[in-house]
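Residues per chain, in single letters:
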Amino acid sequence: MQLSTQLLHGGISEDPHTGATSIPIYMASTFHQQHIGESQWEYSRSGNPTRQAVEALVADIEGGTAGFAFASGSAAIATVFSMFNAGDHIVVGNDVYGGTFRLLDQVFKRLGLSFTAVDTRDLDAVTAAITPDTKAIYLETPTNPLLHVTDIAAIAELAHIHSLLSIIDNTFASPIVQQPLTLGVDIVLHSASKYLGGHSDVIVGVVAVKDAQLAGRIGFLQNAIGAILAPQESWLLQRGIKTLSLRMQAHQANTERLFHYLKQQPAVAKIYYPGDPDNPDYAVAKRQMHGFGAMLSFELQPGLEPQKFVENLHIITLAESLGALESLIEIPALMTHGAIPRPIRIQNGIQDELIRLSVGIEDIADLEDDLTAGFTAVTGR
Ligand SMILES: *Cc1c(COP(=O)(O)O)cnc(C)c1O
C-alpha cells in the first residue's frame, strides 16, 4: 500500500463493531470484564480503542510495527528518555528543540543521565562524543531554526556499530518527507501537534518502533508513567493524518516558490532551506527526503528590524509552533530561542535578524504580497 493510501486505510481505519468509517471516540475509563484476564480492554490508561486505532496508524505510516500516542510531544520524549538509567550517557544534536534540551539539562541530568551535544552532521564529532557509558544518539533533522540536515542512514549505521540506540525526532519532516525507521533508525518520535495533527487544534506526541522488544519497553513505560493521549485527541489526530499527504504537497510547493521569491529580495541576506542547491546539506537532503520540507528561515540584512517585518504582515501569523495549515512566522532570537544567552545563540548561528517561516497552504500570491508588505515596512521601499 502506498503511503498516501495508508493514511486512510492503514492502522485500524474503521470501527470493527459498526463499520463506521470514522473510529468512534470511546469515552470510557474502564471496561466490563466478562471473565477475569480474558478481556482485550481493561482500563483506558493501558489501552483505549480510539487511541489504539491511531497508534496502529502511526506505526504504519512510519514503517514501524508499533506506535504509541502521548499527551504531548514532550511527554513522548520524556517517556523515551525514561528508558535510560542513572549513569547512562546520550549523544544529542546540538540544536534540538529547546524543550528537549530543557528535559535533558534540568530533569534527566538531575536523575543521573549525562549528555554531550554535537553537530550530528559531523560523523567524526559524533564518534568522538561516544563514551563507554553512551547508550543512544538522539537528533532532529532538519533542525530548528537553521534546517541543518543530518545523514540519517549514516547515523543509524554508526549507532549500530557501537551498539547504541538511534532516536530521531521527525517533527520537522513528517513521514511523507522521510521515514527514519526505514533508514535503520530504532525509534522515531514526533510532536504531532505540528504536521501530523496539522490543524493547530491539538497537542499530541507519538512514538513508533520496528523492534518488538523495544515496543515492549516503550509500551511498559507509556502505561507506567501514564502520559497517554485522550480519546478525543486521538480522534482529532487520526482525522488530521488522513490529509497529511495532500497537505505536505501543498506546503512543500509553496515553500519552493517562496524560496525563489526570497532569493530575489535585496533585503534578504541569507536563506536557510535544505532545497537550496547552494546549501551544504543539499546532497544529503536530496538523497533522503521526498521534497525538502516546508520550513525555511532567512536573515534580513544587518540593521533591518525583524520585529517590524513580522508585525507588518496580515496573513502570515506571528506565532510560535509550525506545521499548521496557516503560515506561521517568528523571530527565534526573541521567541523560540529567546532563552539561549545571546553569545551562545550567535555562536550557534542564530542571528538577531533571523526569521523562521512555517509555510502554510494559502494561495502563493497572497503569501508573496504579504511578505512584500513586510519588506516595504523595513526598507521604506
Ligand atoms: C513542538 C516540538 C516538540 C514538543 O512537542 P509538544 O507537543 O509541544 O510537547 C518537540 N520536538 C520538536 C521538533 C517540536 O517542534
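For the structure given in this document, a descriptive report is provided here. (Residues numbered from 1 in each chain as written. Predicted model: local features only at pLDDT ≥ 70, side-chain atom pairs only at ≥ 80, totals over all residues. Heavy atoms only, no water.)

A word on the packing of helix H2 (residues 49–61) against helix H8 (residues 231–242)
Part 1 of the reasoning: Interaxial distance between H2 and H8 falls to 8 Å at its minimum, and their mutual angle equals 35 degrees. In this structure, the crossing between H2 and H8 has a hand that is left-handed. For the pair H2 and H8, the contacting residues are Thr 50, Arg 51, Ala 53, Val 54, Leu 57, Val 58 and Ile 61 in the first and Pro 231, Ser 234, Trp 235, Leu 237, Gln 238 and Ile 241 in the second.
Part 2 of the reasoning: Among the residues forming the contact of H2 with H8, the class breakdown is 9 nonpolar, 3 polar and 1 charged. (Axes fitted to C-alpha atoms, helices over the stretch in contact; angles between N-to-C directions. Helix = DSSP H or I, 4+ residues; strand = E, 2+ residues; numbered from the N terminus. Left-handed = near helix turned anticlockwise from the far one by under 90°. Contact = heavy atoms within 4.5 Å. Nonpolar A, V, L, I, M, F, W, Y, C, P; charged D, E, K, R; others polar.)

A look at the packing of aromatic side chains
Part 1 of the reasoning: Within this structure, the stated rule accounts for 11 aromatic pairs.
Part 2 of the reasoning: Judged by centre distance (5.2 Å) and plane angle (50 degrees), the rings of Phe 81 and Tyr 138 are tilted. Taken together, the positions of Phe 81 in helix H3 (residues 73–81) and Tyr 138 in strand S4 (residues 134–140) put the pair 57 residues apart, joining distant regions of the chain.
Part 3 of the reasoning: According to the relative accessible area criterion, Phe 81 is buried, its value standing at 0%.
Part 4 of the reasoning: Aromatic side chains Phe 101 and Phe 115 sit 5.8 Å apart centroid to centroid with 90 degrees between the ring planes, which places their arrangement in the edge-to-face category. In this pair, Phe 101 is assigned in helix H4 (residues 98–108) and Phe 115 in strand S3 (residues 114–118), connecting sequence segments 14 residues apart.
Part 5 of the reasoning: Among the residues examined, Phe 101 registers a relative accessible area of 38% and is labelled partly exposed.
Part 6 of the reasoning: Joined through ring pairs, the aromatic side chains of Phe 259, Tyr 273, Tyr 282 and Phe 292 make up one cluster. (Phe/Tyr/Trp six-rings, centres within 6.5 Å; stacked < 30°, edge-to-face > 60°. Buried < 20%, exposed > 50% of the residue type's maximum accessible area, 1.4 Å probe, protein only.)

Thoughts on unusual backbone geometry
Part 1 of the reasoning: Look at the link from Thr 141 to Pro 142: it is a cis peptide, with omega at -10 degrees.
Part 2 of the reasoning: Tracing the backbone through its elements, the reader meets Pro 142 in the loop between S4 and helix H6 (152–161).
Part 3 of the reasoning: For the peptide bond that leads from Asn 144 to Pro 145, omega is 0 degrees, which places it in the cis range.
Part 4 of the reasoning: Counting through the fold element by element, Pro 145 comes out in the loop between S4 and H6.
Part 5 of the reasoning: The backbone of Leu 147 sits at a positive phi, close to 55 degrees, despite the residue not being glycine.

Section: the layout of surface pockets
Remark: the empty space left among the atoms is shown by a probe the size of a water molecule rolled over them.
Part 1 of the reasoning: Reported here for the largest pocket is a volume of approximately 1100 Å³.
Part 2 of the reasoning: Lining the largest pocket are 45 residues, and of these Val 96, Tyr 97, Gly 98, Gly 99 and His 337 lie nearest its centre.
Part 3 of the reasoning: Mapped onto the lining of the largest pocket, the elements with two or more residues apiece are H3, strand S2 (89–93) and H4.
Part 4 of the reasoning: For the lining of the largest pocket, the leading source of residues is H4, giving 6 residues.
Part 5 of the reasoning: Partitioned by chemical class, the residues of the lining of the largest pocket number 17 nonpolar, 18 polar and 10 charged.
Part 6 of the reasoning: Among the domains, domain 1 (3–241) and domain 2 (244–379) are the pair contributing at least three residues each to the lining of the largest pocket.
Part 7 of the reasoning: In this model, the second largest pocket occupies a volume close to 270 Å³.
Part 8 of the reasoning: As for the second largest pocket, its lining consists of 14 residues, of which Lys 270, Ile 271, Tyr 272, Asp 276 and Asn 279 are closest to the centre.
Part 9 of the reasoning: Of all the secondary-structure elements, those providing two or more residues to the lining of the second largest pocket are helix H9 (244–263) and strand S8 (268–272).
Part 10 of the reasoning: If one sorts the elements of the lining of the second largest pocket by residue count, S8 sits on top with 5 residues. (1 Å grid on protein atoms, 1.4 Å probe; cavity = no way out; pocket = protein on both sides within 12 Å on 5 of 7 lines; lining within 4 Å. Points joined across faces, edges and corners; volume = space filled by probe spheres on them. Domains from an automatic or database assignment.)

Re the sheet that holds strand S9 (residues 295–300)
Within a beta sheet, neighbouring strands are joined by backbone hydrogen bonds and run either parallel or antiparallel to one another.
Part 1 of the reasoning: If you walk across this open sheet you meet the 5 strands as S8-S9-S12-S11-S10, and the pairing is mixed. Strand pairing shows two members of the sheet lacking a second neighbour, S8 and strand S10 (317–318), which therefore form its edges.
Part 2 of the reasoning: Of the strand pairs in this sheet, S10 and strand S11 (residues 328–330) are connected by 2 bridges, and their pairing is parallel. Considered in S11, the bridge of Leu 318 is made with Ile 329. (Pairing = 2+ DSSP bridges.)

Re the nonpolar core
Part 1 of the reasoning: Residues Leu 237, Ile 241, Leu 262, Phe 298, Phe 309, Leu 371 and Phe 375 are the most contacted members of the largest nonpolar core, which totals 60 residues.
Part 2 of the reasoning: Here this core takes 6 residues from H9, the largest share from any one element.
Part 3 of the reasoning: Two domains each donate at least three residues to this core, and these are domain 1 (3–241) and domain 2 (244–379).
Part 4 of the reasoning: With near-sequence residues (within four places) excluded, Leu 262 lies in contact with Val 268, Ile 271, Leu 296, Phe 298, Leu 371 and Phe 375.
Part 5 of the reasoning: Counting residues in hydrophobic clusters, the runner-up holds 30 residues, among them Ala 66, Leu 104, Ala 215 and Leu 221. (Core = buried A, V, L, I, M, F, W, Y, C linked by side-chain atoms within 4.5 Å.)

Some thoughts on the site of the ligand
Part 1 of the reasoning: Taken together, 15 residues lie near the ligand, and Gly 73, Ser 74, Asp 169, Ser 193 and Lys 194 sit nearest.
Part 2 of the reasoning: Take Gly 73: an N or O atom from its main chain is 2.9 Å from an oxygen atom of the ligand.
Part 3 of the reasoning: A distance of 2.9 Å separates an oxygen atom of the ligand from a polar atom in the side chain of Ser 191.
Part 4 of the reasoning: About the coverage of the ligand: the protein hides 92% of its 380 Å² of free accessible area.
Part 5 of the reasoning: Spatially, the ligand is embedded in the largest pocket. (Near = heavy atom within 4 Å. Polar contact = N/O pair within 3.5 Å; in protein donor to acceptor, adjacent residues only side chain to side chain. Areas by Shrake-Rupley, 256 points an atom, 1.4 Å probe, with all protein chains shown as cover. Sits in = over half its atoms within 2 Å of the grid points.)

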